[in-house]
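In case you want the letters, here they are:
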Amino acid sequence: MAQFQEVTQKSMQHPKPKGLDLQYGTAGFRDNAQHLDHIMFRMGLLATLRSKKTKATIGVMVTASHNPEEDNGVKLIDPMGEMVTPAWEVYATQLANAEEEDLLTALKDIIEREGINLAEEANVFVGKDTRSSSASLSQAVLDGVSALGGHSKDYGLVTTPQLHYMVCCQNTQGRYGEATVEGYYNKLSQAFLQLTSDVPNRTDDQKHLVVDGANGIGALKIREMEGHIKKGLQISLFNDGTGGKLNYQCGADFVKVQQKAPADIKMNVGERCCSFDGDADRIVYYYSDTEGRFHLLDGDKIATLISTFLKELLTQAGLNLKIAVVQTAYANGSSTHYLEDTMKVIVRCTKTGVKHLHHAAQEFDIGVYFEANGHGTVLFSKAAEEKIQQLVDSSSSDERRSAAILLHNTVNLINQTVGDAISDMLIIEAILAIKGMTVQQWDAIYTDLPNRQLKVKVSDRRVIDTTDAERRTVSPAGLQGAIDSLVKKYRKARSFVRPSGTEDVVRVYAEAETQESADALANEVSLAVYRLAGGVGDEPKLLQ
Ligand code: NG1
Ligand code: ZN
């Protein structure tokens, strides 16, 4: 067929280095940008097939999120704006790793297994982050789409969640919103301004927020959006990409893992600050107290703030909807206790990776999901949205209806397709404004257990196999026993290890009653991983 000839020909311009083997990881392919040209071309092909199969628009986002500037990556987006279904992640890996001469066989295999009609139309939306490699890599995706006769729309520079949003808007014929960047700003800013417009006497200080754009796409988009929201929020933007390097000494991942403020940011005592990651799908908040101590408000604190707010509104509105919070093993133990014991909310724990959290959250009327690193959102079931809408349209008592209006605007402000730093920032700002809360009061809802995250290099991280939502290891032999005995040495302690899906490392997490204990436990567990799971290089060094 002519289409296949076209694929073979165009593939020669995006050749696969022989022997290179990459996996579709926690959030797509990610590697040094120099290894990815063929991957991008092939993901263009795969997205076209997925579009033909689903008869819907599919998204392809070129980004490596919080990774360093030299890396890049690609994420596929399914019709409702969610991450691509796991069965197709397997196809993605097969297609990516087929040697040049086997590419057509791999492609035909997918077509056959999925019963795809090649005559079907295909539409693919493509977006990219600000990395220097993103322009040519997104061109490779577009080449892949056209090689299989698909139509594409290139959104150029957008945040990951913006592209997810566009895909959802397109496939719901505009019911979710208008599939343009302007449509996104309008929907979110209207909801935000409606939520905050009735809040009396907000001072300029209360409206002020320091934002660290990680020198990435989020900074560009905040600049574009600023004018729409300035009545309710005044932003001081740092790391806007004009000077510093992407994700270097800044951004949500740096702040969360290092537990300190970005290098080039001016923070006054008690001032609310937040950091985005490199593709603006994560956010964390922080402030510095009068003693100069740094306080982090991570995904767990965000989930607590949002779920508490929603639960109160549901009570006021008299709506009987089931609300749950979905976390991963990285959630701070204090947050889980607070949510279960004080807030009496259902809490679920899933494996790392937003697709797992998203899936679990779909089981509830309202599912609030956040990874501790600040990636998360809220899902409302169709039934929940309808009940809220009915109440908004009704003539019930003022209090019930006012609560329903707040819920309705909250639904509109949230990007339900995926975690979204801009949308999450606006919802947090709206909640703090409505409740008249300072960042210190929010922080004081519960106190985090001190914790530490470390990385260990091993020769093959796949030797580590986990169970129970990654909270326990089943291999290599002896590792879980070793962790259990180390944990017993400390009060309120917990520790687990798992292979990273985005970096070639094993991640170690430890928490305990004091920072010294958490650090010591993390060190000891790292050493156990190094010894029992084939560590490479020097033994992990003790933290100072
Ligand atoms: P890995 O590298 O699999 O731990 C990291 C994050 C995930 C998720 C992905 C995708 C941690 C501990 N892990 O995955 O939560 O966000 O990146 O960005 O933060
Ligand atoms: Zn990201």
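All values reported here derive from a predicted model rather than from experimental measurement.

Considerations on the coordination of the zinc ion (ligand 2)
Part 1 of the argument: Distances from the zinc ion (ligand 2) to its protein donors, namely Ser65 (OG), Asp277 (OD), Asp279 (OD) and Asp281 (OD), fall within the range 2.0 to 2.1 Å.
Part 2 of the argument: Residue Ser65 is classed as buried on the basis of its relative accessible area, which comes to 3%.
Part 3 of the argument: Assessed through its relative accessible area of 2%, Asp281 is described here as buried.

Describing the side chain of Asp277
Part 1 of the argument: Tracing the chain through its elements places Asp277 in the loop between strand E8 (273-276) and strand E9 (283-288).
Part 2 of the argument: Although Asp277 is buried, it forms no salt bridge, and the closest oppositely charged side chain is Arg282 at an N-O distance of 4.0 Å.

A word on the sheet that holds E8
In a beta sheet, neighbouring strands pair by backbone hydrogen bonds and run either parallel or antiparallel.
Part 1 of the argument: On the basis of which strands lie adjacent, the open sheet formed by five strands has the order E7-E6-E8-E9-E10 and mixed pairing. Pairing within the sheet leaves two strands with one partner each, and these edge strands are strand E7 (234-238) and strand E10 (294-297). Strand-to-strand, the axes of this sheet are offset by a mean angle of 30°, without reference to chain direction.
Part 2 of the argument: Relative to E9, E8 is paired through four bridges, and the arrangement is antiparallel. Following the sheet pairing, Ser275 is matched in E9 by Val284.
Part 3 of the argument: Seen against the sheet, helix H10 (residues 251-258) touches strand E6 (208-212), E8, E9 and E10 and runs at an angle of roughly 115° to E8.

A few points about the site of ligand 1
Part 1 of the argument: As a structural note, the neighbourhood of ligand 1 is formed by 15 residues, with Arg498, Ser500, Gly501, Thr502 and Arg507 the closest of them.
Part 2 of the argument: At 2.5 Å, a side-chain N or O of Ser500 approaches an oxygen atom of ligand 1.
Part 3 of the argument: Protein contacts shield 95% of the accessible area of ligand 1, which totals 430 Å² for the unbound molecule.
Part 4 of the argument: Tallied by class, the residues present in the shell around ligand 1 amount to two nonpolar, eight polar and five charged.

Observations regarding the domain arrangement of the protein
Part 1 of the argument: The assigned domain composition of the protein is domain 1 (2-157) and domain 2 (451-532).
Part 2 of the argument: On a C-alpha basis, the centres of domain 1 and domain 2 stand 34 Å from each other.

Notes on the packing of helix H7 (residues 181-197) against helix H16 (residues 421-435)
Part 1 of the argument: At a minimum axis distance of 9 Å, the contact between H7 and H16 shows a crossing angle of 10°. Relative to H16, H7 is oriented roughly parallel. For the pair formed by H7 and H16, the contact residues are Tyr184, Leu188, Phe192, Leu195 and Thr196 on the first element and Ile422, Ser423, Leu426, Glu429, Ala430, Ala433 and Ile434 on the second.
Part 2 of the argument: Among the residues forming the contact of H7 with H16, the class breakdown is nine nonpolar, two polar and one charged.

Details of the side chain of Ser526
Part 1 of the argument: In this structure, Ser526 sits in helix H19 (residues 515-532).
Part 2 of the argument: The residues contacting Ser526, other than those within four sequence positions of it, are Leu454, Val456, Val508 and Pro540.

Concerning the pairing of strand E18 (residues 494-499)
Part 1 of the argument: Pairing between E18 and strand E19 (residues 506-511): six bridges, direction antiparallel. Its bridge partner lying in E19, Arg498 is registered against Arg507.
Part 2 of the argument: What sits between the antiparallel neighbours E18 and E19 is a turn of six residues.

Section: the sheet that holds strand E11 (residues 323-328)
Part 1 of the argument: The strand order across the open sheet formed by four strands is E12-E11-E13-E14, and the pairing between neighbours is mixed. Strands with a single pairing partner mark the edges of an open sheet, and in this sheet they are strand E12 (346-350) and strand E14 (376-380). Across the sheet, the mean angle from the axis of one strand to that of its neighbour is 20°, orientation sign disregarded.
Part 2 of the argument: By the bridge criterion, four bridges tie E11 to strand E13 (residues 366-370) in an arrangement that is parallel. Within E13, the residue paired with Ala324 across the bridge is Gly367.

About the cut-offs
- Residues numbered from 1 in each chain as written.
- Chains lettered and ligands numbered in written order.
- Predicted model: local features only at pLDDT ≥ 70, side-chain atom pairs only at ≥ 80, totals over all residues.
- Heavy atoms only, no water.
- Donors = N, O, S within 2.8 Å, 3.2 Å for Na, K, Ca; no water.
- Buried < 20%, exposed > 50% of the residue type's maximum accessible area, 1.4 Å probe, protein only.
- Helix = DSSP H or I, 4+ residues; strand = E, 2+ residues; numbered from the N terminus.
- Lys, Arg positive; Asp, Glu negative; His and termini not counted.
- Salt bridge = Lys/Arg side-chain N within 4 Å of Asp/Glu carboxyl O.
- Pairing = 2+ DSSP bridges.
- Axes fitted to C-alpha atoms, helices over the stretch in contact; angles between N-to-C directions.
- Contact = heavy atoms within 4.5 Å.
- Near = heavy atom within 4 Å.
- Polar contact = N/O pair within 3.5 Å; in protein donor to acceptor, adjacent residues only side chain to side chain.
- Areas by Shrake-Rupley, 256 points an atom, 1.4 Å probe, with all protein chains shown as cover.
- Nonpolar A, V, L, I, M, F, W, Y, C, P; charged D, E, K, R; others polar.
- Domains from an automatic or database assignment.
- Parallel < 35°, antiparallel > 145°, perpendicular 65-115°, else oblique.

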